[in-house]
Amino acid sequence: MPLRATLSVLTDSLKYAVDLPISLFEKVSSELSSYDTLKKENTSLRQEQLINRTQLLKFDALEKENIRLRALLENSFKLGEQVLIAELLSINLVADEHIMVVNKGTRFGVHPQQPVLDINGVVGQVFRALPFSSEIMLITDPNHAIPVQVNRNGLLTIAVGSGMSNQLNLPYLPNNADIRPGDLLITSGLGGVFPAGYPVGIVDDFPETNNKSIPHITATPKSLLDRKREVLIVWGSNALMPLTTPLSKTPADNEQ
Amino acid sequence: MNNSYSAMRIFITLFFAMCLRIVPLSDTLAPLNPDWVLLVLIYWSLAIPESVGIAHAWFLGILVDVLLGRHFGQNAFIYSLVIYACLVWHKQLRQFPVVQQSAFIFLCLLFSQLLFFWFKNVHASVQITGIFWLPIFSGTVLWPFIYQLMRSIRRF
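As the structure is a computational prediction, the values presented were derived from the model and not from experiment.

With that settled, the discussion passes to the overall build of chain B. A tally of helices and strands in chain B yields 7 helices and 0 strands. When its helices and strands are written in sequence order, chain B yields α-α-α-α-α-α-α. A compact globule built from 156 residues should have a C-alpha radius of gyration of about 15 Å, and chain B, at 15 Å, falls within 12% of that. Overall, chain B is about 50 × 30 × 30 Å in size when its C-alpha atoms are taken along their principal axes.

Below is the structure:
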């Protein structure tokens with residue numbers, strides 16, 4: 001779409017112009033924050049980093065183990081996703097669609113269908129990449145659906161956006177599905193857009209019924225979709241995740 | 001009036017209208033944000049129909065399509081149709097009292113929103129709620145103020 005990309009240079013300057021006062025205000029207020037609050041923030045961040053680091057130590061070992069186990073199963077395991085930090089522009093495009101605009105575009109190599117995450121979980125995917133900005137469709141958009149699995153037992157289903165910023169719908173569940181309130185939903189990696197294993201949401205409370213028919217089940221997204229200023233755009237595995245284990249696979253392929 | 005001078009005003013007002021179109025609002029106010037660009041464009045087409053025409057509306061619509069991430073030509077098509085109606089009836093519309101003018105604006109906004117709904121449905125069948133129609137009412141209510149403001153800008 002070269003025409004759209006060309007015209008977007010004009011319109012993107014508008015987007016940045018609208019965003020400017022708000023980001024400027026945030027910048028100034030962070031400049032003016034006192035020594036005390038900075039010090040407090042620093043200590044809390046340092047503590048958080050300490051905890052994260054110890055958890056990462058464990059994660060390293062687990063990852064190695066996972067690779068070894070997957071090699072035994074002759075299953076592929078892709079590592080090393082590359083990320084780019086992008087900042088949300090404070091603008092509203094269309095009221096009834098959940099589309100956000102970030103300040104990184106094709107000039108940084110962003111392309112459509114890239115998954116977008118934040119520190120808590122999946123945010124959405126890149127919907128359209130323009131030279132200076134890109135539009136991100138959130139997982140809560142009514143037109144968005146994300147393949148997920150229940151972390152507890154690996155039950156596969158699809159989470160569909162509800163149009164509300166704090167709710168996902170799970171319409172495709174059989175009546176006897178083993179799903180409970182509080183279950184963590186993670187990406188299943190099916191479909192090839194989202195890498196497997198990232199948290200998506202927590203299943204909401206729903207009334208237990210006697211005849212085992214499952215009521216309308218919803219989930220709350222993990223990521224703080226309407227508050228976050230910074231998101232991560234991910235370059236995952238380009239290839240589609242294999243749905244079945246390939247038969248002719250040499251052990252050398254599994255070493256990476 | 002100097003021609004380049006009025007062109008400058010048209011440009012600046014449309015620039016602010018496009019900014020207002022994407023301004024971040026709270027969740028309750030965001031669905032009420034009317035189509036500022038169309039309202040400002042309607043004003044200019046009524047005030048100086050000899051220099052604001054369908055071609056301007058069409059090009060501006062293309063820009064709004066890019067700005068809002070719509071399919072190409074949606075806004076361009078709608079804006080040109082609405083501006084065509086305004087140009088045809090601009091002599092009568094200028095004589096109308098403000099209430100009657102607002103009624104015409106209501107019809108224009110309703111027409112544009114209906115076309116948006118139709119475009120949305122062509123793309124994929126969609127569910128819309130009542131808030132989809134709110135910009136029509138907010139735009140109609142705001143029209144007298146926009147009209148006064150734009151008139152004072154034009155005569156400034």
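Right, picking up where we left off after that structure.
The next point concerns the interface of chain A and chain B. Taken together, the contact between chain A and chain B spans 21 residues of the former and 25 residues of the latter. Counting the surface chain A buries against chain B, the share from its top three residues, Arg4, Leu14 and Asn92 of chain A, is 29%. There are 2 salt bridges connecting chain A and chain B. Put simply, Lys120 of chain B and Glu97 of chain A hold a salt bridge, and the shortest N to O gap is 2.9 Å.

The next subject is the pattern of salt bridges. Per the stated rule, a full pass over the model turns up 7 salt bridges over all chains. Across the pair Asp35 of chain B and Arg21 of chain B runs a salt bridge whose closest N-O atoms are separated by 3.2 Å. Separated by 14 residues along the polypeptide, Asp35 of chain B in the loop between α1 (3-21) and α2 (36-47) and Arg21 of chain B in helix α1 bring together distant segments of the chain. Under the relative-accessibility criterion, Arg21 of chain B is labelled buried at 14%. Taken together, the salt bridges that share partners define one network made up of Glu97 of chain A together with Arg70 and Lys120 of chain B.

What follows deals with helix α1 (residues 2-31) of chain A. The periodicity of an α-helix, 3.6 residues per turn, causes residues three or four positions apart to be oriented the same way. The sharpest bend along α1 of chain A comes to roughly 40°, located at Val9 of chain A. For α1 of chain A, every residue scored as buried is listed here: Arg4, Leu7, Ser8, Thr11, Asp12, Leu14, Lys15, Val18, Asp19 and Ser23 of chain A. The secondary structure elements touched by the buried residues of α1 of chain A are β1 (82-89), β2 (99-102), β4 (122-129) and β5 (134-138) of chain A together with α1 and α3 (54-68) of chain B.

Right, let's talk about the sheet that holds strand β6 (residues 145-150) of chain A for a bit. Two strands in a sheet stick together by hydrogen bonds in their backbones, pointing the same way (parallel) or opposite ways (antiparallel). Residues and elements named next belong to chain A. Around the barrel, 6 strands lie side by side as β6-β7-β8-β11-β10-β9; this closed barrel has antiparallel pairing. Across 3 bridges, β6 lies against strand β9 (residues 184-187) in antiparallel orientation. Bridge pairing in β9 places Gln149 opposite Ile186.

Mean pLDDT over chain A stands at 81; residues scoring 70 or higher make up 84%. Confidence over residues 239-256 of chain A falls short of pLDDT 50; this stretch has 17 contacts with residues more than four positions distant or in other chains.

Right, let's get into the sheet that holds β2 of chain A. Residue and element names in this part refer to chain A. Within the closed barrel, the 6 strands sit side by side as β1-β2-β5-β4-β3-β12. Their pairing is antiparallel. For this sheet the average axis-to-axis angle between neighbouring strands, irrespective of direction, equals 45°. As paired elements, β1 and β2 share 2 bridges and run antiparallel to each other. In the strand pairing of β2, Leu88 is matched with Val102. In the packing of α1 onto the sheet, the strands contacted are β1, β2, β4 and β5, and the crossing angle to β1 comes to about 60°.

Attention shifts here to the nonpolar core. Within the largest apolar cluster, 55 residues are counted, with the highest numbers of intra-cluster contacts made by Met18, Val37, Leu41, Ile42, Trp44, Tyr79 and Trp143 of chain B. The leading source of residues in this core is α2 of chain B, at 11 residues. One finds Ile139, Ile146, Val203 and Ala219 of chain A within the second-largest nonpolar core, a separate group that totals 20 residues.

This part takes up the side chain of Ser90 of chain A. Here Ser90 of chain A is to be found in the loop between β1 and β2. Residues in contact with Ser90 of chain A, not counting those within four places in the same chain, are Val18, Asp19, Ile22 and Arg229 of chain A together with Pro24 of chain B.

All names here are of chain A. For β5, a buried count of 5 out of 5 residues is recorded, marking the element as mostly surrounded by other parts of the structure. The two faces of β5 match: Ser134, Ile136 and Leu138 on one face and Glu135 and Met137 on the other face are all buried. By the bridge criterion, 4 bridges tie β2 to β5 in an arrangement that is antiparallel. Bridge pairing links Ile99 to Met137 in β5. Direction of pairing for β4 relative to β5: antiparallel, over a ladder of 5 bridges.

Take the pairing of β9 of chain A next. Inspection of the sheet shows β9 of chain A paired to strand β10 (residues 199-203) of chain A by 3 bridges, in the antiparallel sense. Looking at β10 of chain A, one finds that Ile186 of chain A is bridged to Pro199 of chain A.

To continue, consider the confidence of the model for chain B. As a general rule, the predicted coordinates of low-pLDDT regions are not to be interpreted in detail. Residue and element names in this part refer to chain B. In the predicted model, chain B carries a mean pLDDT of 89, and the fraction of residues at 70 or more is 97%. Within chain B, helix α4 (residues 74-88) carries the highest mean pLDDT (94), whereas α1 carries the lowest (88). Interface confidence for the predicted complex, expressed as ipTM, amounts to 0.82; the pTM equals 0.79.

Another aspect to go through is the environment of Pro199 of chain A. All names here are of chain A. Among the structural elements, Pro199 can be located in strand β10. With a relative accessible area of 23%, Pro199 lands in the partly exposed category. Each C-alpha atom, one on Pro199 and one on Ile186, is 4.2 Å from the other, the two residues being 13 residues apart in sequence. In contact with Pro199, not counting residues within four places along its chain, are Asn120, Gly121, Val122, Leu184, Leu185, Ile186 and Lys222.

What counts as what
- Residues numbered from 1 in each chain as written.
- Chains lettered and ligands numbered in written order.
- Predicted model: local features only at pLDDT ≥ 70, side-chain atom pairs only at ≥ 80, totals over all residues.
- Heavy atoms only, no water.
- Helix = DSSP H or I, 4+ residues; strand = E, 2+ residues; numbered from the N terminus.
- Rg over C-alpha atoms; globule rule 2.2 N^0.38 Å.
- Contact = heavy atoms within 4.5 Å.
- Buried area = accessible area lost by both parts, 1.4 Å probe.
- Salt bridge = Lys/Arg side-chain N within 4 Å of Asp/Glu carboxyl O.
- Buried < 20%, exposed > 50% of the residue type's maximum accessible area, 1.4 Å probe, protein only.
- Bend = angle between axes of the 7 residues up to and from the residue.
- Pairing = 2+ DSSP bridges.
- pLDDT = per-residue confidence, 0-100.
- Axes fitted to C-alpha atoms, helices over the stretch in contact; angles between N-to-C directions.
- Core = buried A, V, L, I, M, F, W, Y, C linked by side-chain atoms within 4.5 Å.

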